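In case you want the letters, here they are:
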Amino acid sequence: MRPEIQEYNFDWMLGALMDVGSKVADGTEKEVDRMNRYVPYFAGMTKSILGEGRPGSTFLKILSKYFRNLLTAHDEGRKIAVTTFCFSPSICYALDVIPVTLEVITALAGMMWRRGAFDYLDYGCELGFTETSCSAQRGALGAYLAGLGEEIDFIVCDTPGVCDTNANAYAFAAAYLDRPLYQLNYPQILGEERSNTYHLEDYREMVRFMEKHSGNTLSEDRLREVLEEIDKQDALIADLEDMLRLVPTPVPTVYNLFNYGGRFIFSGWPDYTRLLEDMVESARDKAKAGLSGLKSGKEKVRAFLCYIDHYALNLDFWDWLDAHGIAHMGGILSRNFRDNGCYIGGLEGSTYSVDTTNMDTMLDSIAQMNARMPMVRSIRGPYDRPNMWLEESLALAKVFQVDCMIYNGTPGCRNTWGMIKPFAREMEKHGYPTHIMYCDAFDGRVESWEATAARLEEFFKVRGLL
Amino acid sequence: MKEIFYDAATRVASQPIIDWKASGRKVVGYSCSYVPAEIFHAVGLLPVRLRGIETRSMEIGDAYFGPYICSFPKCILQLAGEGKFSFLDGAIITPGCDSMRRLDDCWRKAGEDYEGIVPGYFYYFDVPHKTAPHGMNWFIQEIKNLISSVEDHFGVSITKDKLQESIRVYNRARRLLKQIEDLRSSRDVPISGTDAFAVTVAGTVMPREEYTMRLGELIEGLNKHPGPNQRGKKRLMVIGSISDDIELIKLIEDSTQAVVVAENLCFGVRYEGNEISEDGDPIEALARGYLGESTCPRMFGKYKARLRALKEIIERANVEGVVMQNIRFCDLHGSENGLFERDLEAIGMPCLKLEREYGPLVETGRVKMRLDAFLERMS
């Protein structure tokens, strides 16, 4: 790693920029202009986000708060747990632990810095972590392995059996940094009593682990508070998803990012509820007026991202969709599978509910919710088994009236690269033109965003979608 | 004598399998060492480990798997698509790792294009990633489900008595393999690493009774007439990604400066080294034996236990250097090799990290050059 990179605390660098962004949100035009001179590469991102009005401003503020919490955690006596986007951080908040969601941080580095997370991505490889591993974790992880982030107290994640590459990153970190690790393990099936029981038993064990290493006991009242907040958040997400079904959809493309970005770091916190409220209110106003959420006002295509998005500098991916009149119909990251969702018809067995009656019902609720987080729900088993990726994607495509499918991931994703070709064939057979992106969502050196955009453009033109 | 083992270890449709089929009996392939072979043996089915040797091209494997996938399952799919597994009456796929578990999806999809390549019995066996009580219970239930499924499909009855007898038969060979490991640990090393590895790999495809008998004869022969004295050569150990490739070990030993005295490989004695309890409930015994010993990096969070096991082998076999190979895109072994390298080099054990492709040794020149440099460093 370059010596100058090692001079700065990674979390502080990101947090300081976010702090700037959150202040820009309330600044005058002159103040914004002056501020942007000092953060030229971040200015594009703030411009795109703030272009969405209050939801954008709220999003930047919660990101800023997230880093503030992280940077002050140890001073305030809180423990820091590294985790993954497939894991609901709500249990961390219930135990007064600050979560570090590696993938969110790697994505932010990719969108905020011209150099992305490149130095950190490479640093892991210098230590022996494979270069073929998933960049989503490898980016931020490089900083923590180098001792450039806040000190990690323990590690919790949930991907063994679902995404071994992901699980391996956390196992490597635990071994390298000599930190305690608990990994929830999910069976290959979903929707049966047997797997639900396994989810709960494993989760209970994990709570004991977290209590031990956080020094805090899970309180019934605090867990109820968190779950009641999640209940509100799920209802708001359901509202947003309902509006996403409208043609044209009044939901802007970037709301997808706001939705899951907030959920992966602030699920169960009131700040995320406020963000969702702002998004619902703004989309509802557009819906009442029959407006599209796209800036051009003209929705030409409805695209479903069957996996993840692309985290190029600024918000180039979302801006590109918007500029081309392509509405973002969500992806694997933005769906939550609460039993009140508009798309659960036919997928009932694979949803979760929230029951705050007592500690047991709450633990079951949070365990089952966690088991329906992105990836761990949809790609745990063979792609064409009940409740899995194919069935889910087809159900969602129908509900949201999508015109095409786009697969984007990272070369590190053994799991989806192992089945994307059969999956894409099925999608085409069902009438959905499907585009497989061969870039790396978190590493622009694999394929530049410009090249990726050119391929997207080609797909939409060749398939007669634009 | 060794020819029998070499035939089984280097040919997909080896003579024992051909003979077995010719006698009207059935064969079931399995993809991972977590599948208890005793289940099939108990009812006269021949369990054979699925392998990707003899692959000469990859157009079928590449057509169904994406580009960033380990070449081992691709090779298996390639052979399946070419009809090389036509002797299989059944196949068991497990979530050994992400690449391997997608063999299930891709093989079935390829079956839509290549008629008859999916065996009549095709089963997905869910192996958990933890040995905690709930993980063990899950695995026990999975074994029970597998047994029921085999019984239904093949019209057989897998009783506890039959299972217990199969465990005893399998343990006999395990004990003999342990004797070979002890011989390899001795100063004179009466058997080359290449021969020993061929013997071990052969055990994954040969009928167990015949294998055990041949193994006994081999050990008797080695005790009476040891092979050429290997003293003075560098004593190496090979670890890492799945490998059933005799040529890889041969390449190391061809240098004439080195002898492979131990492996810690999925096809090696890593699993065969653990005897299954012959007492109590045989299903629980199989579960504890196959899942309980966490030697594969798929069992996350057990790095320290694996390092300890590695050090024990190093000490027992007087290993002087460790070759850590991993197939490209095998992040589990690749990353763990990085940790092993850090911790073993710290105690003065020379390590060589080697990334390679599974299949024909197309990279022989590069691998050889690195091995030579490694041996030079050790001397």
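These figures come from a predicted structure and were not determined experimentally. Going along each chain's sequence as written, the residues are numbered from 1 onward. Going through the entries in the order they are written, you letter the chains from A and number the ligands from 1. The predicted origin of the model limits local features to residues at a pLDDT of at least 70 and limits the giving and counting of side-chain atom pairs to 80 or more, whereas totals for whole chains, interfaces and linings rest on all residues.

## A look at the overall build of chain B
For chain B, the helix and strand inventory stands at 16 helices and 8 strands. Note on method: radius of gyration uses C-alpha positions; expected globular size equals 2.2 Å times residues raised to 0.38. In terms of C-alpha radius of gyration, chain B reaches 20 Å, essentially the compact-globule figure of 21 Å for 379 residues. Principal axes of the C-alpha set define a box for chain B whose edges measure 60 × 45 × 45 Å. Three exposure classes are used, based on other C-beta atoms lying within 10 Å of a residue's own C-beta, which is placed from the backbone: buried for 20 or more, exposed for 12 or fewer, and partly exposed in between. Taking all 379 residues of chain B together, 56% fall into the buried category. Contact definition: two residues whose C-beta atoms, as placed from backbone geometry, lie within 7 Å. Across chain B, every contact between residues at least 6 apart in sequence was considered, and the portion connecting residues at least 24 apart equals 75%. Here a strand is any run of E in DSSP of at least two residues, a helix any run of H or I of at least four, and the numbering for each starts at the N terminus.

## Quick word on the overall build of chain A
Regarding its fold elements, chain A presents 19 helices and 8 strands. Since a compact globule built from 466 residues should have a radius of gyration of about 23 Å, the 21 Å found for chain A is in line with a globular shape. Looking at chain A as a whole, 59% of its 466 residues qualify as buried. A separation of at least 24 residues holds for 75% of the contacts in chain A among residues at least 6 apart in sequence.

## Some remarks on the nonpolar core
A:Ile155, A:Ala173, A:Leu240, A:Phe304, B:Leu77, B:Ala202 and B:Met237 are the most contacted members of the largest nonpolar core, which totals 278 residues. Once residues lying within four places of it in the same chain are set aside, the contact partners of B:Ala202 are B:Phe5, B:Ala8, B:Ala9 and B:Tyr211. Buried Ala, Val, Leu, Ile, Met, Phe, Trp, Tyr and Cys residues whose C-beta atoms connect them within 7 Å together make up a nonpolar core.

## Structural notes on the packing of helix α10 (residues 193-214) of chain A against helix α15 (residues 359-370) of chain A
Residue and element names in this part refer to chain A. To obtain each axis, a line is fitted to C-alpha atoms, and for helices this fit is confined to the stretch in contact; angles are then taken between N-to-C directions over 0 to 180 degrees. At their nearest, the axes of α10 and α15 sit 9 Å apart, and the two run at 110° to each other. With respect to their mutual orientation, α10 and α15 come out roughly perpendicular. On the side of α10, the interface is formed by Asn196, His199, Leu200, Tyr203 and Arg204, while α15 contributes Leu363, Asp364, Ala367, Gln368 and Asn370. When residues are sorted by character, Ala, Val, Leu, Ile, Met, Phe, Trp, Tyr, Cys and Pro go into the nonpolar class, Asp, Glu, Lys and Arg into the charged class, and all the rest, Gly among them, into the polar class. Residues belonging to the contact of α10 with α15 are distributed by class as follows: 4 nonpolar, 4 polar and 2 charged. Reported orientations rely on four angle classes, namely roughly parallel under 35 degrees, roughly antiparallel over 145, roughly perpendicular from 65 to 115, and oblique for the rest.

## What to know about the environment of A:Asn387
Assignment of secondary structure puts A:Asn387 in the loop between α15 and α16 (389-399). For the pair A:Asn387 and A:Ser334, spaced 53 residues apart in the sequence, the C-alpha separation amounts to 17 Å.

## Describing the pairing of strand β5 (residues 301-305) of chain A
Residue and element names in this part refer to chain A. By the criterion of burial, β5 is predominantly enclosed, with 4 of the 5 residues buried. With the strands aimed away from the viewer, a crossover counts as right-handed if its path from the first strand over the helix to the second runs clockwise. For the crossover from β5 across helix α14 (residues 316-323) to strand β6 (residues 326-331), the handedness is right-handed. DSSP bridges decide pairing: two strands pair if at least two such bridges lie between them. Examined bridge by bridge, β5 and strand β7 (residues 404-407) share 3 bridges and lie parallel to one another. Within the sheet, the bridge partner assigned to Ala303 lies in β7 and is Cys404.

## Thoughts on the sheet that holds strand β4 (residues 121-124) of chain B
Residues and elements named next belong to chain B. Reading across from one edge, β2-β1-β3-β4 is the order of the 4 strands in this open sheet, with parallel pairing throughout. Taken across any chain shown, the strands that pair with only one partner, and hence form the sheet edges, are β2 (46-49) and β4. In this sheet, neighbouring strand axes are inclined to one another by 20° on average, regardless of whether the strands run parallel or antiparallel. The pairing of strand β1 (residues 27-30) with β2 spans 4 bridges and is classified as parallel.

## Some points on the environment of A:Tyr38
Within the element layout of this structure, A:Tyr38 appears in helix α2 (residues 29-38). Residues A:Tyr38 and A:Tyr432, spaced 394 residues apart in sequence, show a C-alpha to C-alpha distance of 45 Å.

## Thoughts on helix α8 (residues 135-145) of chain A
Residues and elements named next belong to chain A. Most of α8 is tucked away, with 11 of its 11 residues classed as buried. Among the residues of α8, Ser135, Ala136, Gln137, Arg138, Gly139, Ala140, Leu141, Gly142, Ala143, Tyr144 and Leu145 are the ones counted as buried. Packing partners of the buried residues in α8 comprise α1 (10-24), β1 (79-83), α6 (102-112), α7 (118-126) and α9 (164-177). Remark: Gly147 follows α8 within two positions and exhibits a positive phi of approximately 75°.

## A short note on the interface of chain A and chain B
Much of the literature gives interface size as the accessible area that the parts lose upon coming together. Across the contact, 38 residues belong to chain A and 38 residues belong to chain B. Listed by contribution, the elements that provide at least two residues to the side of chain A that touches chain B are α9, β4 (181-183), α10, α17 (414-417) and α18 (420-429) of chain A. For the side of chain A that touches chain B, the leading source of residues is α9(A), giving 9 residues. Looking at the side of chain A that touches chain B residue by residue, the classes come out as 20 nonpolar, 12 polar and 6 charged.

## Concerning unusual backbone geometry
Residue A:Pro248 follows A:Val247 across a cis peptide bond; omega there is -5°. Along the chain, A:Pro248 falls in the loop between α11 (220-244) and α12 (255-266). The phi dihedral of A:Met375 falls on the positive side, at around 70°, and the residue is not glycine. Given 24 C-beta atoms within 10 Å, A:Met375 falls into the buried group. A positive phi angle, near 50°, is found at B:Asn318, a position not held by glycine. Inspection of the secondary structure assignment puts B:Asn318 in the loop between α14 (303-316) and β7 (321-327). Judged by the 13 C-beta atoms lying within 10 Å of it, B:Asn318 is partly exposed.

## Concerning the sheet that holds β4(A)
All names here are of chain A. Strand order in the open sheet made by the 4 strands is β2-β1-β3-β4, with parallel pairing throughout. Looking at strand neighbours, the two that pair on one side only are β2 (97-101) and β4, the edges of this open sheet. Averaged over all pairs of adjacent strands, the angle between their axes in this sheet comes to 25°, without regard to strand direction. Where strand β3 (residues 154-157) and β4 come together, 3 bridges link them in parallel fashion. Pairing of Ile155 across the sheet is with Leu181, part of β4. Against the sheet, α10 engages β1, β2, β3 and β4, with an angle of about 160° to β3.

## Digging into the packing of α1(A) against helix α3 (residues 40-50) of chain A
All names here are of chain A. In the contact formed by α1 and α3, the axes pass within 11 Å of each other and the chain directions differ by 40°. By the angle between their axes, α1 is oblique relative to α3. When you trace α1 past α3, the crossing you get is right-handed. Contacts from Leu17, Gly21 and Val24 of α1 reach α3 at Phe42, Thr46 and Leu50. Looking at the contact of α1 with α3, its residues break down into 4 nonpolar, 2 polar and no charged. Throughout, a crossing is termed right-handed when the near helix is turned clockwise from the far one, and left-handed when it is turned anticlockwise from it by less than a right angle.

## A closer look at the confidence of the model for chain B
Per-residue confidence from the predictor is given as pLDDT, running between 0 and 100. Considering every residue of chain B, the mean pLDDT works out to 95; 99% of them sit at 70 or more. Across the assembled chains, the prediction reports ipTM 0.96 with pTM 0.97.

## Overview of helix α8 (residues 160-185) of chain B
What sets the pattern is the α-helix's 3.6 residues per turn: residues three or four places apart point alike. Here α8(B) is 26 residues long and its end C-alpha atoms lie 37 Å apart, about the 38 Å a rise of 1.5 Å per residue gives. Considered for burial, the residues of α8(B) that qualify are B:Leu163, B:Gln164, B:Ser166, B:Ile167, B:Tyr170, B:Ala173, B:Arg174, B:Leu176, B:Leu177, B:Ile180, B:Glu181 and B:Arg184. Multiplying 1.5 Å by the residue count of a helix minus one yields the expected span of that helix.

## Details of the pairing of β1(A)
All names here are of chain A. Among the 5 residues of β1, 5 are classified as buried, and the element is accordingly described as predominantly covered. Pairing of β1 with β2, which is carried by 5 bridges, proceeds in the parallel orientation. From the neighbouring strand, Thr83 faces β2, where its bridge partner is Thr101. Examined bridge by bridge, β1 and β3 share 2 bridges and lie parallel to one another. Its bridge partner being in β3, Ala81 is matched across the sheet by Phe154.

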